[in-house]
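Inside the fold
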Amino acid sequence: MTRAEAFSDREVAMCTVGRLIEDGKTYWAAGGGTPLYSVLLGKKLYAPDAQYVTEDGVIAPIPMLPFEPMMSMVASRATYKALSWGTMNTAGYFAQLGFMDYGILNTLQVDKHGNINSTFLGEYGHGGRRMHGPGGADTIAACCWRTILITDQEKRKFVEKVDFISSPGFLDGSEGARERAGLPRGTGPWRVVTPWAMYDYQDRRLRLMARVPWVTVEQILDETECKPLVAAEVQVLEPPTEEELQLLRTELDVRGQTSDAAGGWIIWDGEQYTRQAAG
Amino acid sequence: MTRAEAFSDREVAMCTVGRLIEDGKTYWAAGGGTPLYSVLLGKKLYAPDAQYVTEDGVIAPIPMLPFEPMMSMVASRATYKALSWGTMNTAGYFAQLGFMDYGILNTLQVDKHGNINSTFLGEYGHGGRRMHGPGGADTIAACCWRTILITDQEKRKFVEKVDFISSPGFLDGSEGARERAGLPRGTGPWRVVTPWAMYDYQDRRLRLMARVPWVTVEQILDETECKPLVAAEVQVLEPPTEEELQLLRTELDVRGQTSDAAGGWIIWDGEQYTRQAAG
Amino acid sequence: MTLATSQPLEILAEGRAPYHPVDPDGFREWVREHKSRAMVSKLMSEKEAVERFVADGDYVTYECNYLTRGPNLVLNEIMRQGRKNLWIAGKFTYVDVGLLVGAGCVSKVDTGFFLATPAVKKALAEGTLELYEYSNVVMSMRLEAGAQGIPFIPIRSFGGTDGFEYSGAKLIRDPYTGLATVIIPALNPDVAIVHVQQADQFGNARVFGTGISDVPAALASRKVIVSAEEIISTDEIRSNPGATSIPYWCVDAVVEAPFGSYPGTVPGYYASDPAAVMECFAAVLRGDVQAYLDKWIYGVQSHTELLEKNVGVAKLLDMKKRETIKEGFRA
Amino acid sequence: MTLATSQPLEILAEGRAPYHPVDPDGFREWVREHKSRAMVSKLMSEKEAVERFVADGDYVTYECNYLTRGPNLVLNEIMRQGRKNLWIAGKFTYVDVGLLVGAGCVSKVDTGFFLATPAVKKALAEGTLELYEYSNVVMSMRLEAGAQGIPFIPIRSFGGTDGFEYSGAKLIRDPYTGLATVIIPALNPDVAIVHVQQADQFGNARVFGTGISDVPAALASRKVIVSAEEIISTDEIRSNPGATSIPYWCVDAVVEAPFGSYPGTVPGYYASDPAAVMECFAAVLRGDVQAYLDKWIYGVQSHTELLEKNVGVAKLLDMKKRETIKEGFRA
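The structure reproduced in this document is the subject of the present report. (Residues numbered from 1 in each chain as written. Chains lettered and ligands numbered in written order. Predicted model: local features only at pLDDT ≥ 70, side-chain atom pairs only at ≥ 80, totals over all residues. Heavy atoms only, no water.)

**What about the overall build of chain C?**
Along chain C, the regular secondary structure elements total 13 helices and 12 strands. Expected size for 331 residues packed as a compact globule is a radius of gyration near 20 Å; at 20 Å, chain C falls within 12% of this value. Across its three principal axes, chain C shows a C-alpha extent of roughly 70 × 50 × 40 Å. Each of the 331 residues in chain C was classed as buried or not, and the buried ones make up 69%. At a minimum sequence separation of 6, the contacts of chain C that also span at least 24 residues come to 75%. Of the charged side chains in chain C, 33 are positive and 40 negative; the average position of the first set lies 1 Å away from that of the second. (Helix = DSSP H or I, 4+ residues; strand = E, 2+ residues; numbered from the N terminus. Rg over C-alpha atoms; globule rule 2.2 N^0.38 Å. Buried < 20%, exposed > 50% of the residue type's maximum accessible area, 1.4 Å probe, protein only. Contact = heavy atoms within 4.5 Å. Lys, Arg positive; Asp, Glu negative; His and termini not counted. Charge placed at Lys NZ, Arg CZ, Asp CG, Glu CD.)

Structure representation (structure tokens):
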């Protein structure tokens, strides 16, 4: 492992998620952006027997990298040498049957109970900002045993209550709320990863559990509108390595569309990392 | 068409059904016996663009005839050059969707409303004769638009009320009974064909509509325990032709298992056909 | 072993959005009257297919347009012919909804996923577009129920979301387990548009590679337009019955459509034209739809003319050349 | 367009037979705890597979035994090991139920279709066998619901039959149309036994040709034994992902089983041995099961020994030779 000299916020988040990937577990990745790159990074560097399913149901491909622009799903390079080509519904059935250990998602807004909004900012139907909708993320969040959410560390992304639940977290946070709504027993949010921090849940409530070395707990809390619980001991995450960044930049996010679209850069000055916010 | 000199009861029934086969219609055939041979006979001689689906979901094969013993379904000769290989459920879905014009069935007992018993003779669960069960016939009888039933002309086969409804006819015969039971609108029994006769339904009640030349209406009614309605003019069916029998005997029922297992033989004596009952 | 019991069957909650009518018996009657069970040739141009089988107000399903094996030539023709008030099954849609809305063709979308472009936002603000909220999987499972000919199907997702409130779903108590269970209404669209690699003249069609819900869509829809990169013989279809995805009796129109997914890719046949894909995304995201429509749709009379005037042979050959992966995309 | 309404949801009628428990959440937990998502070799003998994965009292599903691509070597091993009180999904079964009942292995059957042989009638008369009444399609649709992980599914058949009364089905009022609609309980067997043409060591399996419900059975069952005519490499599986019917994570045991369907046929691989099929039918229909079991099952230790002692090379080669049709039975 080689210390990396410079990397972007979103690269940090993908590397952090990549290290969560476990051998012998299944991952259902939403869409073709940071969730897919994170699981590929983890699989290639740390967990070769982790298996992933694309949103459209392709089982355990060995994709021909890099993808063509916009073509990280369905296209032939993305589905190359899969164990099986499925469909949206076959993926959904395997998730309903409990075969998917982890779902990996990204989002624009999340609340203290892990509910996800990708539909509407503002009061639904009364002005505000229309977004693209849940895609397959609703089912991923409902049916995988555990969900890992990737988002940016911005105040307005972490709210008390999302304006619209597109994909379910712990709903109102009460015990059994998911089951009462018809969702499978024992499922739910597990981690939220941002460029600065990692969260888990305590009694279905968001809790800050780890931070990157170059930001403080206070900085993180300043960028979290809903005040999360804070673990007694907030762990410090390892920064990305050159090996991880090399893989990300040369094989996965080769056009930088996913990693540098927002946020700042983190630079090693010889003694420590410092973050330079984007202009 | 050449006059046939001698043929068996069941050959008559298969030839009669074969002539009912229409071009451009779909037939879902129960099992691999008389229903399958009848539709193949009709398709090969009269209705080349009739299409059939096997009970297990094979769409429009061009089977390599004759079949091997016991192998009239699923085996490679039976599924040869199909348009599509399906499964039991894909066949079921096409039937549920209304794509199957006709179902062709055989049975051991039928009643005046066209209900079919292939499960139990006697009072269910209290002695009597256990039979093999409906197989796929229940769904064929429920979901095809019209069903054609093949059976022998025996008193005990035509009863007032079957001991057990394995596959639905018009149930209690009241209007809308099928729909009230959850079955698709506008479906039901259409014809019953025996070696002696053809029946249709009037107001959901069995009606004798045609007879073969060598038996009288009275003989038929003697072999019908439930007294069917009788059409004002009972038509006379054409006897089998040599071409039909040739096809049946050399390509379809080559071992005679289906056609000569019961019943008698009908002989042309130079002036008329006469039937010789089996010893 | 469980004895049959009388668990109470009750509706616990229900969404309040309009949904496309659930009518399994009506669908069956449509099939009987309109779907040919005879093997008759259905070959026709995309123009004729849209004229005959897409009407104003129809509910339309398709998928993956502009990226992968999308039925672009048929969607372009729908815009060219100016269909109105379509209701779109917005699962695995993307830039295409913005384009169709910008062209004035669409008044309702069941989401899904789609790009909320300026044209979409404008139509929402003006009240000319309504959205109902599902997800990609809920929509494809609605199609599966439609493809089975049943009125609804239980699923294990969607409960607890706000989408549920703006949908046709219901939460019931399952009479077998007593547990809260979501059910969703079957979807039987008026029109399915499916682009495939190979089909014969009757509509027996082969899809190779992954897909969202091509096959359920074709089974569930009253009118089905299949466009195919290649028309193959029925003998070839019969030589490998396991490769047939859609049987002929589902299909109403077969359009021979080489490069029918342009500017997207058809796996095993050709790679995408990234510049042209980007041109479309940029136009739609900027809200500059009219110029795009003028160039790519209204300015040509057919897909062949689009390829001739706006693409050219060299680019098409290059797209074919760049698609080096063939494994599994032929029978 | 239909507005969401509150059609009364009610149970109109229900069958009164015991049915295998419906427990989608319990099935999920079984999967999480017992199904390997790692790619580990599952190659083992039929003896080990049955020892490890078939227990007394299990609910077992399989199909087409003794005729076409049936898992005969595994069923034979179940009889050889003397399992008791099995509950059989009797769809597209035939002579095999009579054999299993005659061998004392079975105490319940969900029918279906099977031969009501002397052994079956004797067991019914003695009260050691119970039958519950479905149909082939109802049973395969119950498996489909099980394979989707949902508690029940609506169907359009089965209503009005007497089988309904002796089943786990219910007639409800559909809340979308208000029409009477049959629902049936999902079936998640304890054990599925599936014989396929090809599989890799991890259980990625290819079924060629028609079938009843191999794939739903494999998805729906807690323990899955796949026997395969050929073990192929995972590289070969990956070279044609469209040909994979069952992914490895469903599968618990992979048995290399050339001529595993003997005396039946495996389409594309070998024809049946008609004389041996008839021998079995005759024995079972006559009620002469014990002699048959002694010769074909108890008298040998494995399927290989059965082939060696009772069949021989010449006959096997002849079966291969007679299967001239290969079209579509290879990827």
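Structure's up, so let's keep going.
**Considerations on the interface of chain A and chain C**
If you look at the interface, chain A gives 54 residues, while chain C gives 55 residues. Interface area, chain A with chain C, both sides summed: about 4,200 Å², of which 61% is carbon and sulfur. Counting across the chain A and chain C interface gives 3 salt bridges. Across the chain A-chain C interface, the total number found is 18 residue pairs in polar contact (both at pLDDT 80 or more). Where the side of chain A that touches chain C is concerned, the elements lending two or more residues are α3 (88-96), β8 (129-130), α4 (137-143) and α5 (177-180) of chain A. Per element, the largest residue contribution to the side of chain A that touches chain C is 5 residues, and it comes from α3(A). (Buried area = accessible area lost by both parts, 1.4 Å probe. Salt bridge = Lys/Arg side-chain N within 4 Å of Asp/Glu carboxyl O. Polar contact = N/O pair within 3.5 Å; in protein donor to acceptor, adjacent residues only side chain to side chain.)

**A word on the pairing of strand β9 (residues 146-150) of chain A**
All names here are of chain A. Extensive coverage of β9 is indicated by the burial of 4 of its 5 residues. In terms of strand pairing, strand β4 (residues 102-106) meets β9 through 5 bridges, oriented parallel. Residue pairing for β9: Ile104 is matched across the bridge by Ile148. In the sheet, β9 pairs with strand β11 (residues 188-193) via 5 bridges, with the strands oriented parallel. (Pairing = 2+ DSSP bridges.)

**Considerations on the packing of aromatic side chains**
Applying the stated rule across the entire model yields 59 aromatic pairs over all chains. For the ring pair Phe99(B) and Trp249(C), a centre distance of 6.0 Å and an interplane angle of 25° mean the geometry is stacked. Placement of the pair is Phe99(B) in the loop between α3 (88-96) and β4 (102-106) and Trp249(C) in the loop between α9 (234-239) and β12 (253-256), with the two residues belonging to separate chains. Just as Phe99(B) is buried, Trp249(C) falls in that class too. Lying across the ring of Trp190(B), Arg191(B) places its NZ or CZ 3.9 Å from the centre. Between the NZ or CZ atom of Arg28(D) and the centre of the ring of Trp145(A), over which it lies, the distance is 4.4 Å. (Phe/Tyr/Trp six-rings, centres within 6.5 Å; stacked < 30°, edge-to-face > 60°. Lys NZ or Arg CZ within 6 Å of the ring centre and 35° of its normal.)

**A few points about the interface of chain D and chain A**
On the chain A side, the residues contacting the 30 residues of chain D number 31 residues. Counting each side, the surface lost to burial between chain D and chain A is near 2,700 Å², with a carbon and sulfur contribution of 60%. When the buried surface of chain D facing chain A is broken down by residue, Arg28(D), Arg238(D) and Trp249(D) rank first, second and third, together holding 32% of it. Our count for the chain D to chain A interface comes out at 2 salt bridges. On the surface where chain D and chain A come into contact, there are 13 residue pairs in polar contact (both at pLDDT 80 or more). Residue assignment for the side of chain D that touches chain A shows that the elements contributing at least two residues are α1 (24-34), α6 (136-148) and α9 (234-238) of chain D. In terms of residue count, the dominant contributor to the side of chain D that touches chain A is α1(D) (7 residues). Here the side of chain D that touches chain A is composed, by residue class, of 13 nonpolar, 8 polar and 9 charged. (Nonpolar A, V, L, I, M, F, W, Y, C, P; charged D, E, K, R; others polar.)

**What about the pattern of salt bridges?**
Applying the stated criterion across every chain, the model contains 62 salt bridges over all chains. In this structure, Glu10(C) engages Arg173(C) in a salt bridge whose closest nitrogen and oxygen atoms are separated by 3.0 Å. Taken together, the residues span a long stretch of sequence, with Glu10(C) in the segment before β1 (11-14) and Arg173(C) in strand β7 (residues 170-173) at a distance of 163 residues. Its relative accessible area of 33% is what places Glu10(C) among the partly exposed residues. Ionic pairing is found between Arg52(D) and Glu48(D), a salt bridge with its closest N-O pair at 3.0 Å. With Arg52(D) and Glu48(D) both in helix α2 (residues 46-53) and 4 residues apart, the pair spans about one turn of that helix.

**Here we look at empty space enclosed by the protein**
Think of a ball as big as a water molecule: rolled over the atoms, this probe shows where empty space is left. Counted according to the given criterion, the structure contains 9 cavities of 30 Å³ or more. Residue lining of the largest cavity: Glu68(A), Met71(A), Ala75(A), Ser76(A), Arg77(A), Ala78(A), Thr265(C), Ala271(C), Ser272(C), Arg322(C) and Glu323(C), and that is the complete set. Of the pockets and cavities examined, the second largest cavity occupies roughly 70 Å³. Every residue lining the second largest cavity is listed: Thr61(C), Tyr62(C), Glu63(C), Arg69(C), Pro71(C), Ala192(C), Ile193(C), Val194(C), His195(C), Ser213(C), Asp214(C) and Ala217(C). At the level of secondary structure, the elements contributing two or more residues to the lining of the second largest cavity comprise β9 (191-199) and α8 (214-220) of chain C. If you tally residues by element for the lining of the second largest cavity, the top one is β9(C), at 4 residues. For the lining of the second largest cavity, the residue count by class is 6 nonpolar, 3 polar and 3 charged. (1 Å grid on protein atoms, 1.4 Å probe; cavity = no way out; pocket = protein on both sides within 12 Å on 5 of 7 lines; lining within 4 Å. Points joined across faces, edges and corners; volume = space filled by probe spheres on them.)

**Observations concerning the sheet that holds strand β1 (residues 6-8) of chain B**
All names here are of chain B. Spatial strand order, β1-β15-β16: 3 strands in an open sheet with antiparallel pairing. Of all strands in the sheet, those bounded by a partner on one side alone are β1 and β16 (273-276). Strand after strand, the sheet turns through a mean of 25° between neighbouring axes, direction not considered. Examined bridge by bridge, strand β15 (residues 265-268) and β16 share 4 bridges and lie antiparallel to one another. What sits directly across from Ile267, in β16, is Thr274. Helix-sheet contacts for helix α1 (residues 9-20) involve β1, β15 and β16, and the interaxial angle to β1 is about 85°. (Axes fitted to C-alpha atoms, helices over the stretch in contact; angles between N-to-C directions.)

**Overview of the side chain of Asp214(D)**
All names here are of chain D. Residue placement: Asp214 occurs in helix α8 (residues 214-220). The class of Asp214 is buried, set by a relative accessible area of 8%. Of the polar contacts made by the side chain of Asp214, one reaches the side chain of Arg69; its length is 3.1 Å.

**Focus on the nonpolar core**
Membership of the largest hydrophobic core comes to 284 residues, with the highest contact counts inside it found for Trp28(A), Met100(A), Trp28(B), Met100(B), Trp249(C) and Trp249(D). If we ignore the near neighbours within four places in the chain, the residues touching Met100(A) are Thr26(A), Trp28(A), Val53(A), Phe94(A), Ala95(A), Cys144(A), Trp145(A) and Trp249(D). Among the nonpolar cores identified, the runner-up in size contains 63 residues, and Val54(D), Val60(D), Val266(D) and Met319(D) belong to it. (Core = buried A, V, L, I, M, F, W, Y, C linked by side-chain atoms within 4.5 Å.)

**Re the environment of Arg146(A)**
Residue and element names in this part refer to chain A. Structurally, the position occupied by Arg146 is in strand β9. By relative accessible area, which is 35% here, Arg146 ends up partly exposed. Sequence separation between Arg146 and Phe120 is 26 residues, and the spatial gap between their C-alpha atoms is 25 Å. Discounting chain neighbours no more than four positions away, the residues touching Arg146 are Glu22, Asp101, Tyr102, Gly103, Gly188 and Trp190.

**Description of the environment of Arg205(A)**
Residue and element names in this part refer to chain A. Mapped onto the elements, Arg205 comes out in strand β13 (residues 205-211). The residues contacting Arg205, other than those within four sequence positions of it, are Lys112, His113, Asp200, Lys227 and Leu229. For Arg205, the side chain forms a polar contact with the main-chain oxygen of Lys227, separated by 3.0 Å.

**Here's the deal with helix α11 (residues 289-298) of chain C**
All names here are of chain C. Of all the residues in α11, the buried ones are Val289, Tyr292, Leu293, Trp296 and Ile297. One side of α11 carries all its buried residues, which in axial view fall inside an arc of 100°. Elements that come into contact with the buried residues of α11 comprise α3 (72-80), α4 (95-102), α10 (274-286) and α12 (303-311). (Arc of directions from axis to C-beta.)

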